[in-house]
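Tertiary structure, described
Residue strings, one per chain:
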Amino acid sequence: MSHETDLTFEYRPFSLALDRPLGTANGSIDTRDGFLVRVTDADGTVGYGEASPLPGWTESYADCEAALDRAREAFRTGDERDALEAVDRTSAARHAVTLALADLEATRESTPLYRYLSKGPLVGRVPVNATIGDGDPSETVTRARDAVDRGFDVCKVKVGRRSVEEDVERVRRVREAVGSGVDLRVDANEAWTVAEAETAIAAFADLGVSILEQPLPAGALEGHAALRGDGVAIALDEGLLEHGVDAICGAGAADAVVLKPMALGGIDVARQVAAWVTELEITPVVTTTIDAVVARTGAVHLAAAIPEVPACGLATAEFLAEDLGRDPVLLENGSAVVPQAKGLGVEGVWEA
Ligand SMILES: O=C(O)CCC(=O)C1=CC=C[C@@H](O)[C@@H]1C(=O)O
Ligand SMILES: [Mg+2]
C-alpha cells in the first residue's frame, strides 16, 4: 500500500493566556502554549490539528515541537507513514497530526468529523459538565450557581488542595446552593491517601456526589478498587495514562475512565479506548486539556461519536482569555451543540 502523500504540512506556535488559572491539587494551569497544524491537499482542501502539550499529561513543549518538525520533514519527502512514526511517542504532537488528517478526510467526504469517526447517526448535542475550579467556598458556590444559571446540570468541582474536611464543606455548600437536581462530581487529582479518600467518600455519598475522579495517586490500582461500591463512582484520569485499560479492568479499579485525546495521542486512540472500556462496562468520559478551539472541537466530535456518552468536560473555553478563532460549538442547557459542517467545523484559525 502506498504511503505517498502530496499533502502540505505546516505548523505554527501559539500562546493563549487563561482568563483565570485552573487550580488543581496537582498545580495550576495558567497558559496554554502549543502548535496549530494545517494540512493542505493538492485541491486546496485543508485540515486543522492542535498540539497543546501539558506538563504531567503529555510530552514537553520542546519535544512536541521537535516531533512536529520531524513530521513536517516526513511530509516534505511525501511519506505519511513516516510522519505518523515521527509523532508516535509524543501524544500532543500525534494528536495534532491525526486530527488534521481526520479533519481533511472528513472535509473531503463532506461529513462532520463525528460521523466520519462513528459512521453512525446524526447527533445534535452531547451533555457537558461545568468545570468549577478549586477556589475558596464562597467562590466555589458562586461559580457553581452561575453555571447552573447558565443551564448546566452537571458540575465538576476540583478538590484535594485543602484538608478533606474543608473540601467536604465546600461541596456541602455547593449542594445547599444548587439543590438536589444538579449532578455534582469532584476531581482530587491524586491528592489523597486511602484513609482520606474513605473519609471523603462517606461524606460525598451523603451529599449525592456521583463521581470522584482520581482520589489516589495514579499508581494506585487496588486502592481505587477498594474505594468502589461505597456510594460514589470512582473515575480514573491520570491512572488511565499510567496503567492502561487492561490493568484497570483486571484490578476492578474504576467505574469510569477519563479520556483526554491530547494525552492519549489523538481522538482516534481515544475512540478506540472508549469502545473498549464500554465493552468492559466502564463508562468513558471525554474531557479537554483546557485546549484551544481546534482540539476542544475535536473532543466534542469525539464525544458525539460515543453512544450514550455521559456529561463530558468540554465546556472549558471559558478558562481562556483568548482563542485561535471563532468557537463553532454552542453551549446551552447543559449540552454542547455538535457542529454539523463538514470536518471539524472550525474556521478562521490560520488567518487570525
Ligand atoms: O473535566 C473537566 O471538567 C475539564 C478538564 C479538567 O478538569 C482537566 C483538564 C486538564 C488537566 C486537569 O487539571 C483536569 C483534570 O484532571 O481532569
Ligand atoms: Mg481529572
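Note that the coordinates shown come from a computational prediction; the quantities given were computed from them, not determined experimentally. Every chain's residues receive numbers from 1 upward, in the order its sequence appears when written. Labels follow written order: the first chain is A, the first ligand is 1, and so on. In view of the model being predicted, local features appear only for residues whose pLDDT reaches at least 70, and side-chain atom pairs are presented and counted only at 80 or more, with totals across whole chains, interfaces and linings using the full set of residues. Heavy atoms from the whole structure form the basis of all side-chain values; hydrogens and water molecules are not counted.

**Quick word on the pattern of salt bridges**
Two side chains bearing opposite charge may form a pair once their charged atoms approach each other closely. This is how it is decided: In the sections that follow, a salt bridge refers to a side-chain nitrogen of Lys or Arg positioned within 4 Å of a carboxyl oxygen of Asp or Glu. Under the scheme used here, helices are H or I runs from DSSP no shorter than 4 residues and strands are E runs no shorter than 2 residues, and both carry numbers assigned from the N terminus. Only protein chains enter the accessibility calculation, which uses a 1.4 Å probe; a residue whose area is less than 20% of its type maximum is buried, one above 50% is exposed, and one in between is partly exposed.
Evaluated as defined, the whole model comprises 24 salt bridges. Note that Glu332 is salt-bridged to Arg125, the shortest N-O span being 2.7 Å. Pair noted here: Glu332 is in strand β12 (residues 330–332) and Arg125 is in strand β4 (residues 125–127), with a separation of 207 residues, a long-range link. Judged by its relative accessible area of 28%, Glu332 is partly exposed. Where salt bridges share partners, they join Arg20, Asp146, Arg150 and Glu318 into one cluster.

**Thoughts on helix α12 (residues 293–304)**
Rules: Given a helix with a known number of residues, its expected span is that number minus one, times 1.5 Å.
In a regular helix each residue adds 1.5 Å, so 12 residues correspond to 16 Å; α12 covers 16 Å between its end C-alpha atoms and thus fits that length. Counting buried positions over the 12 residues of α12 gives 12, a clear majority of the element. When we look at burial in α12, the residues that qualify are Val293, Val294, Ala295, Arg296, Thr297, Gly298, Ala299, Val300, His301, Leu302, Ala303 and Ala304.

**Description of the sheet that holds β4**
Heads up, the rule is: Strands are labelled as partners when DSSP assigns at least two bridges between them. To get an axis, fit a line to the C-alpha atoms, keeping to the stretch in contact for a helix; angles then go from 0 to 180 degrees between the N-to-C directions.
Read across the open sheet, the 3 strands follow the order β4-β13-β12; overall the sheet is antiparallel. Since the sheet does not close on itself, it has two edges, and those belong to β4 and β12, each with one partner. Taken pair by pair, the neighbouring strands of this sheet meet at an average axis angle of 25°, ignoring direction. Pairing geometry for β4 and strand β13 (residues 335–337), over 3 bridges, is antiparallel. Among the inter-strand pairings, Pro127 is bridged to a residue of β13, identified as Ser335.

**Digging into the domain arrangement of the chain**
Inclusion rule: As used throughout, domain bounds are those supplied by an automatic or database domain assignment. Between two residues, a contact is recorded if the distance between any of their heavy atoms is within 4.5 Å. As a working definition, buried area equals the accessible area (1.4 Å probe) given up by two parts on being put together, with both sides summed. Any pair of nitrogen or oxygen atoms within 3.5 Å is treated as a polar contact; in protein, a donor-acceptor pairing is required on top of that, and neighbouring residues in sequence qualify only through side-chain atoms on both sides.
Here the chain is described as being made up of domain 1 (8–110) and domain 2 (125–337). Every contact between the two is made by 29 residues of domain 1 and, on the other side, 40 residues of domain 2. Summed over both partners, the interface of domain 1 with domain 2 comes to about 2,800 Å²; 65% of that surface belongs to carbon and sulfur atoms. Together, Arg20, Trp57 and His95 form the three largest contributors to the area buried by domain 1 at its contact with domain 2, with a combined 26%. Along the contact surface separating domain 1 from domain 2 lie 16 residue pairs in polar contact (both at pLDDT 80 or more). Breaking the side of domain 1 that touches domain 2 down by element, the ones donating at least two residues are β1 (8–24), β2 (27–40), β3 (46–51) and α3 (91–108).

**Quick word on the nonpolar core**
Rule in force here: Among buried residues, the Ala, Val, Leu, Ile, Met, Phe, Trp, Tyr and Cys ones that are joined through side-chain atoms within 4.5 Å form a nonpolar core.
Within the largest apolar cluster, 90 residues are counted, with the highest numbers of intra-cluster contacts made by Val126, Trp192, Phe204, Val294 and Leu314. With 7 residues, the single largest contributor to this core is α12. Setting aside residues up to four positions removed in sequence, Leu314 forms contacts with Val126, Val128, Val286, Thr287, Thr288, Arg296, Ala299, Val300 and Ala303. Leu7, Tyr11, Ala92 and Val97 belong to the second-largest nonpolar core, a separate cluster that totals 25 residues.

**Notes on the pairing of β3**
When you tally the buried positions in β3, you get 5 out of 6 residues, the bulk of the element. In the sheet, β2 pairs with β3 via 6 bridges, with the strands oriented antiparallel. Across the sheet, Phe35 pairs through a bridge with Ala51, a residue of β3. A loop of 5 residues connects β2 with β3, the two strands running antiparallel in sequence, and Gly44 in this loop sits at a positive phi of about 90°.

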